[in-house]
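Listed below are the residues making up each chain.
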Amino acid sequence: MINKKVAVIGGGPGGLTLTRLLQAKGCEVKVYERDSDQNVRQQGATLDLHEESGLKALIAAGLLDDFKKCYRPDADKLRIIDQYAIVHFDDHDQESTVEIGGSSFRPEIDREPFRDLLIASLEKNTIVWNSKFVSMQPKGSGWDIFFDNGSTVYADFVIAADGANSRVRKYITDIAPIYSGLTIIEGNIYNASANAPKLWKLVKGGKVFALGLEKSIILSAKGDGSLSFYTGTRETEDWVETCGINFENKYELYEWFRERFVDWGSEWYELFQSDESYFVPRPQYHFPLNQQWESSPSLTMLGDAAHRMPPYAGEGVNMAMLDALELADNLTAEHFIDTQTAISKYERAMLERAGQITEVTLQSMEDMHAKDGLKFLVDMFRLIH
């Protein structure tokens, strides 16, 4: 990688972790991120890092002490409830620890402070904001990359870290994603103590998994006082396009919810009562468990771009960060004869690991949305604890 320009497309946890690791080895790296600046509000639930993957990468990046200053110690506390908000499992009474030493240590951190932490660890001006990827074409042994702001850059090496709907992936493979059968409505309620007081009290600063009648709602409290949620229902693949709902109109979505969750309690109506909120439909896809492609000497990918999957095992960010660690190790190792060999070894190991995790995730999704999903989850967490 000496004297080579590296372009990371996408400034999520995987791309930023990779950049940090490569810069520590003296590589010249730029991150091209579509967000207009660092202050764009981060959507989605909190992230839980696993010791064998996300935390392992964080330690390798030398950021564990900074992480301990930013994570929320009780955000991993969980309550499992039924459709009427009756609690069946509650681990809030268990003592938290900041020491790493077991698989049960899965600290939670909000996306915004986590991204800030990773950005602060990079060299100045590493991230080029307002750079939405449009296309790229080969140039010599590298690539010309085109962005919608009109700029063009050259890179000897390109890494796709641009998420589940990656635009770079097609330059590596045409393997298409597979619909899982489940669609999520992601929502976020700001100032939740005022706008959804009953649910805010129910979540107790942590997480709530509500399961019943083959449906789910997952709640996550965030440090900024907002409450994120995911509904989980079985819908047809084209449901978002054919249902006729304007997902920016909370009243239309509320009417759908009342009908779709008619057999759940009215406590959940709070999700749609505030104007300080947003909602996004997210059909859940995954890639084939056995996907393979021919490795390139100047292009690869990590995270959701390589192996998107539903969120029902909490593995997305962890797999992306472990990808970053393994890719950085391979690209900077001295025993590979060239970058294609290094990438090939990384991709083979990554795809095998991702296939196994995807299989576990899909099974967890099925178990959670089965008729006895509540019993399955309660039994699993009682066994862990």
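## A look at unusual backbone geometry
1) Next: Phi angles above zero are rare outside glycine, and Asn-130 is one such case at about 55°.
2) Next: Mapped onto the elements, Asn-130 comes out in the loop between β7 (127-128) and β8 (133-139).

## A word on helix α11 (residues 339-368)
1) Next: Helix length check: α11, at 30 residues, gives a terminal C-alpha distance of 42 Å against a target of 44 Å (1.5 Å per residue), a fit within 8%.
2) Next: Between the side-chain oxygen of the N-cap and the backbone nitrogen of Gln-340 there are 3.4 Å, and the N-cap of α11 in question is Asp-338.

## Comments concerning the packing of α11 against helix α12 (residues 373-384)
1) Next: Where α11 meets α12, the axes come as close as 7 Å, and the angle between the chain directions of the two elements is 125°. Taken as axis vectors, α11 and α12 run oblique relative to one another. Touching Ser-364, Asp-367 and Met-368 of α11 are Gly-373, Phe-376 and Leu-377, all from α12.

## Some thoughts on the pattern of salt bridges
1) Next: Under the definition given, this model contains 15 salt bridges.
2) Next: Taking the shortest distance from any N to any O, the salt bridge between Asp-35 and Arg-115 comes out at 3.0 Å. Linking Asp-35 in the loop between β2 (28-32) and β3 (47-48) with Arg-115 in helix α4 (residues 111-120), this pair joins segments that are 80 residues apart in sequence.
3) Next: Here Lys-250 and Asp-275 are joined by a salt bridge, their closest N and O atoms 3.0 Å apart. With Lys-250 in helix α8 (residues 250-260) and Asp-275 in the loop between α8 and β16 (277-286), this residue pair connects regions lying 25 residues apart in the sequence.
4) Next: Counted as one network, the salt bridges with shared partners bring together Asp-323, Glu-326 and Arg-353.

## Describing the packing of aromatic side chains
1) Next: Counting across every chain of the model gives 22 aromatic pairs.
2) Next: Ring plane angle 40° and centroid distance 5.9 Å describe the contact between Phe-89 and Phe-381, whose orientation is recorded as tilted. Taken as a pair, Phe-89 in strand β5 (residues 87-90) and Phe-381 in helix α12 lie far apart in primary sequence, 292 residues in all.
3) Next: Residue Phe-381 is classed as buried on the basis of its relative accessible area, which comes to 17%.
4) Next: A connected cluster of aromatic rings, assembled from ring pairs, spans Phe-229, Trp-239, Phe-247, Tyr-254, Trp-256, Phe-257, Phe-261, Trp-264, Trp-268, Tyr-269, Phe-272 and Phe-279.
5) Next: Against the face of Phe-287 rests Arg-169, its NZ or CZ located 3.5 Å from the ring centre.
6) Next: Lying across the ring of Phe-261, Lys-215 places its NZ or CZ 5.2 Å from the centre.

## Re the environment of Lys-215
1) Next: Mapped onto the secondary structure, Lys-215 falls in strand β14 (residues 215-221).
2) Next: With near-sequence residues (within four places) excluded, Lys-215 lies in contact with Ala-210, Gly-232, Thr-233, Arg-260, Phe-261, Asp-263, Trp-264 and His-369.
3) Next: For Lys-215, the side chain forms a polar contact with the main-chain oxygen of Arg-260, separated by 2.8 Å.

## Concerning the side chain of Asn-318
1) Next: For Asn-318, the location among the structural elements is in helix α10 (residues 316-332).
2) Next: A relative accessible area of 0% places Asn-318 in the buried class.
3) Next: With residues up to four places along the chain from it excluded, the contact list for Asn-318 reads Asp-48, Leu-49, His-50, Ser-53 and Gly-54.

Parameters and conventions
- Residues numbered from 1 in each chain as written.
- Predicted model: local features only at pLDDT ≥ 70, side-chain atom pairs only at ≥ 80, totals over all residues.
- Heavy atoms only, no water.
- Helix = DSSP H or I, 4+ residues; strand = E, 2+ residues; numbered from the N terminus.
- Expected span 1.5 Å × (residues − 1).
- Polar contact = N/O pair within 3.5 Å; in protein donor to acceptor, adjacent residues only side chain to side chain.
- Axes fitted to C-alpha atoms, helices over the stretch in contact; angles between N-to-C directions.
- Parallel < 35°, antiparallel > 145°, perpendicular 65-115°, else oblique.
- Contact = heavy atoms within 4.5 Å.
- Salt bridge = Lys/Arg side-chain N within 4 Å of Asp/Glu carboxyl O.
- Phe/Tyr/Trp six-rings, centres within 6.5 Å; stacked < 30°, edge-to-face > 60°.
- Buried < 20%, exposed > 50% of the residue type's maximum accessible area, 1.4 Å probe, protein only.
- Lys NZ or Arg CZ within 6 Å of the ring centre and 35° of its normal.

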